[in-house]
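Residue-level structure breakdown
As a plain string of letters, each chain reads:
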Amino acid sequence: MSVKFDISFAKSAKISGGLAVLLKAGDGELAAGTEIADPAGIIAKASKIAKFSAKAMSALDLVAPEGSPADRLFVIGIGKPQDLTSHDWLKLGGIAAAKVKGADKATIFIDAPGAAITAKAAADFSLGMLLRAYSFDTYKTKKSEEDEKANGKSAKITIVTADASGAKKALADSEAVAEGVNLARDLVNEPPNVLGPVEFAAKAKELEKLGVEVEILTEREMKRLGMGALLGVAQGSVRPPRLAIMHWKGGKAKDRPIAFIGKGVVFDTGGISIKPAAGMEDMKGDMGGAAAVIGLMHVLAARKADVNAVGIIGLVENMPDGNAQRPGDIVTSMSGQTIEIINTDAEGRLVLCDALWYCNDRFKPRFMINLATLTGAIMVALGNVHAGLFSNDDTLSAQLTSAGLTANEKLWRMPLGRDYDKMIDSKFADMKNTGGRYAGSITAAHFLKRFVQETPWAHLDIAGTALGSPQDEINQSWGSGFGVRLLDQLVRDHYEA
Ligand code: MN
Ligand code: ZN
């Protein structure tokens, strides 16, 4: 169970016990509106001993002295308050949340010293708290210490800020985003025996509760559509594939939708080109792209975004089996283009190429963005700091890069070009499914590009960022939910009326 926070806002609050959280600027000022003005110089004295200079994101923790209305004081440094970005407010919320976990109540003064903050900043702070509260321990039969203390009750959080009513309105938005990110994290963290293609599709179906139209295509329907590339990957598994189509109609009826496509390989053994044993358990996360798409669709519907959006996820399991596809096989994709299978571990692009073609053909979207834990090569290039961005459209690419900076889900644009494209030409078919070791993430992108025609398109290779990335102030989970906030930001910035 994640810790639950019951957040409310107030213009002022009388502290009676519990935890009090204060912000402090680098020049020594404490958050506005606080009744703890440090008359006895306790905070000042503790700061000196602990060498706490209120640098941004530093913290000071002290048991409140005799006579203080709070039992405990937690002071978070913010450096120069005017320098704080939207993402800094998320981080501050995360730092506060880590401290509040296990407390039954807390009063948090967040107006920056010397100035009241905006409702947006208060909402960002709350979002940071909700994201940090997440933990995945569904399969632990012993409760954590924090859960033991909370005993099923949520912690009561009062956030004190001048624009309390504005902050309250903005909170609904933060809750929608937190739910979407935490949903994506859950899906990535779930074990592969529990979450197969059918179960994953059922998760998509649950979005109907929020007003999303959801269709699930079965194997038979995909066969009829000619999705030979996707089906070739699935044929080695006893668990049948699914294609889930989620449609959020929040915009005007005549507006063409924007589209998001996700790779949902629920487990990737590599197939006949089997992977080494070490670390193979991580391949339960090979559906991080599909998880991000479901998470995003959840956010858009929950906050009733003023946009038409389609989410399509290809759900398969890649297994070695008597019926599995072989290197050397040639499959025909829905587009009619034929593909020679060189390596059965390069399966994500085979799933995506039919999903992309189907999406373009049926919805004529304004753009298509696909997300996939596609290549190990992208981790060699960018580590787990940036996700790889590949695009046929400079405008979309610039919009994505800037949304990534705002959301702190960073993208780095990688090159495309004819010399790379020809590396996937095949002797026996229209193309082959891998171009070899060199430029592995680029040739994978070129493979996808052959299925998008003239539609503005971007491919995000999130193999390094969707799972196992370093923990930080707002994420302590193995499955990070990467992509949800990024794409929600993109929609907010450019695609809502
Ligand atoms: Mn693979
Ligand atoms: Zn894969």
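Above this note sits the structure.
Read on for a plain summary of the structure. Quick caveat, the model's predicted, so the values are computed rather than measured.

Quick look at the packing of aromatic side chains now. Inspection of every chain in the model, using the stated rule, returns 4 aromatic pairs. Both rings, one in F367 and one in Y495, keep their centres 5.0 Å apart while their planes meet at 70°; by these two values the pair is edge-to-face. One end of the pair, F367, is in the loop between α10 (348–363) and β13 (368–372); the other, Y495, is in the segment after α15 (484–494), and 128 residues separate them in sequence. Judged by relative accessible area, which is 2%, F367 ranks as buried.

A sheet is described by the order of its strands in space; here 6 strands give the open sequence β1-β6-β5-β2-β4-β3, paired in mixed fashion. Only two strands of the sheet have a single neighbouring strand rather than two, namely β1 (5–10) and β3 (59–63). In this sheet, adjacent strand axes meet at a mean angle of 20° when their direction is disregarded. Here 6 bridges tie strand β2 (residues 19–24) to strand β4 (residues 72–77), and the two strands are oriented parallel to one another.

Here the focus is empty space enclosed by the protein. Summed over the entire model, instances satisfying the criterion amount to 1 cavity of 30 Å³ or more. Each pocket or cavity is described by its volume, and for the largest cavity that value is around 30 Å³. Considering the residues around the largest cavity, the lining is formed by A184, V188, G288, A291, A292, A466, G481 and F482. Elements that contribute at least two residues to the lining of the largest cavity include exactly α5 (164–189) and α9 (288–302). Looking at the lining of the largest cavity element by element, the count peaks at 3 residues for α9. For the lining of the largest cavity, the per-class residue count stands at 6 nonpolar, 2 polar and no charged.

Ligation of the zinc ion (ligand 2) by protein atoms is provided by K263 (NZ), D268 (OD), D286 (OD) and E347 (OE), these donors lying 2.0 to 2.5 Å from the ion. Classification of the site at the zinc ion (ligand 2) as irregular follows from its 4 donor atoms and the range of 86 to 178° in their angles at the metal. Sequence spacing of the donors to the zinc ion (ligand 2): K-x4-D-x17-D-x60-E. Between the zinc ion (ligand 2) and the manganese ion (ligand 1), a separation of 2.9 Å is found, and both are coordinated by D268. In this structure, K263 and D268 share a single accessibility class: buried.

Reading guide: rules and limits
- Residues numbered from 1 in each chain as written.
- Chains lettered and ligands numbered in written order.
- Predicted model: local features only at pLDDT ≥ 70, side-chain atom pairs only at ≥ 80, totals over all residues.
- Heavy atoms only, no water.
- Phe/Tyr/Trp six-rings, centres within 6.5 Å; stacked < 30°, edge-to-face > 60°.
- Helix = DSSP H or I, 4+ residues; strand = E, 2+ residues; numbered from the N terminus.
- Buried < 20%, exposed > 50% of the residue type's maximum accessible area, 1.4 Å probe, protein only.
- Pairing = 2+ DSSP bridges.
- Axes fitted to C-alpha atoms, helices over the stretch in contact; angles between N-to-C directions.
- 1 Å grid on protein atoms, 1.4 Å probe; cavity = no way out; pocket = protein on both sides within 12 Å on 5 of 7 lines; lining within 4 Å.
- Points joined across faces, edges and corners; volume = space filled by probe spheres on them.
- Nonpolar A, V, L, I, M, F, W, Y, C, P; charged D, E, K, R; others polar.
- Donors = N, O, S within 2.8 Å, 3.2 Å for Na, K, Ca; no water.
- Tetrahedral: all angles 85-135°; square planar, octahedral: opposite > 155°, others 65-115°.

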